[in-house]
Amino acid sequence: QVQLVESGGGLVQPGGSLRLSCVASGISFSRYAMFWYRQTPGKERDLVAYITESGGSTDYGDSVKGRFTISRNSDKNTVYLQMNNLKPEDTAVYYCKADRIITVWKREEFWGQGTQVTVSS
């Protein structure tokens, strides 16, 4: 059974930091690219950050570039999102996703249950 379990969310003041973790089980972690998304009520889920299977390449949404850092530890089957200089507009439920291309026509993805991040004074 595949599970992605996020943790590390909470309430933080503007300018503060949080580190989210997502532990994967039931998959060959090193075969999957990993993503962080976020979602606020009534809006679509937005891509926040991405890291390749090897961890050698990353990319970020424009709104978080320079503030957020994604990383992974294959020994712990864990992907992280370090969030610095948080702003109220970063408030959302954050989700991790594992994604693998199997063939040209098929890809496999798994989602976590989400963790709430609230940035407020």
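Some thoughts on the pattern of salt bridges
Here's step 1: By the definition in use, this model includes seven salt bridges.
Here's step 2: Two residues, D62 and K65, come together in a salt bridge whose shortest N-O distance is 3.4 Å.
Here's step 3: When its relative accessible area of 46% is taken as the criterion, K65 is described as partly exposed.
Here's step 4: Of the charged contacts, one joins E109 and K97 as a salt bridge, the two residues approaching to 3.6 Å between their closest N and O atoms. Remark: K97 occurs in strand β9 (residues 92-101) and E109 occurs in strand β10 (residues 107-111); sequence separation between them is twelve residues.
Here's step 5: On the accessibility criterion, E109 (37% relative accessible area) is partly exposed.
Here's step 6: If you follow the salt bridges from partner to partner, you end up with K97, D99, R107 and E109 in one network.

A closer look at the state of the cysteines
Here's step 1: Within the structure shown, the criterion is met by one disulfide.
Here's step 2: The residue that forms a disulfide with C22 is C96, at a sulfur-sulfur distance of 1.9 Å. Here the S-S torsion is close to 45 degrees, and the disulfide linking C22 with C96 is therefore right-handed. Of this pair, C22 sits in strand β3 (residues 18-25) while C96 sits in strand β9, and the two are 74 residues apart along the sequence.
Here's step 3: On the basis of relative accessible area, C22 is assigned to the buried category, the value being 0%.
Here's step 4: With a relative accessible area of 0%, C96 lands in the buried category.

Thoughts on the sheet that holds strand β8 (residues 78-83)
Here's step 1: Within the open sheet, the four strands sit side by side as β1-β3-β8-β7. Their pairing is antiparallel. At either margin of the open sheet sits one strand with a lone partner, and together these are β1 (3-7) and β7 (68-73). Each neighbouring strand pair of the sheet contributes to a mean axis angle of 15 degrees, computed without reference to strand direction.
Here's step 2: Direction of pairing for β1 relative to β3: antiparallel, over a ladder of five bridges. Each residue of the ladder has a partner; that of L4, found in β3, is A24.

Some details on the side chain of R38
Here's step 1: Within the secondary structure, R38 sits in strand β4 (residues 33-39).
Here's step 2: Here S63 takes part through its side chain, which lies 3.2 Å from a polar atom of the side chain of R38.
Here's step 3: Leave out the neighbours within four places in its chain, and R38 touches E44, R45, D46, V48, S63, V64, F68, E89, D90, A92, V93 and Y94.

Details of the packing of aromatic side chains
Here's step 1: Overall, the coordinates contain five aromatic pairs when judged by the stated rule.
Here's step 2: Plain terms: the ring middles of F35 and Y37 are 6.2 Å apart, the flat faces sit at 35 degrees to each other, and that makes the pair tilted.
Here's step 3: For Y37, a relative accessible area of 14% puts it in the buried group.
Here's step 4: Ring geometry for F35 versus Y50: centroids 5.0 Å apart, planes at 40 degrees, classification tilted.

Quick notes on the rules
- Residues numbered from 1 in each chain as written.
- Predicted model: local features only at pLDDT ≥ 70, side-chain atom pairs only at ≥ 80, totals over all residues.
- Heavy atoms only, no water.
- Salt bridge = Lys/Arg side-chain N within 4 Å of Asp/Glu carboxyl O.
- Buried < 20%, exposed > 50% of the residue type's maximum accessible area, 1.4 Å probe, protein only.
- Helix = DSSP H or I, 4+ residues; strand = E, 2+ residues; numbered from the N terminus.
- Disulfide = S-S within 2.5 Å.
- Pairing = 2+ DSSP bridges.
- Axes fitted to C-alpha atoms, helices over the stretch in contact; angles between N-to-C directions.
- Polar contact = N/O pair within 3.5 Å; in protein donor to acceptor, adjacent residues only side chain to side chain.
- Contact = heavy atoms within 4.5 Å.
- Phe/Tyr/Trp six-rings, centres within 6.5 Å; stacked < 30°, edge-to-face > 60°.

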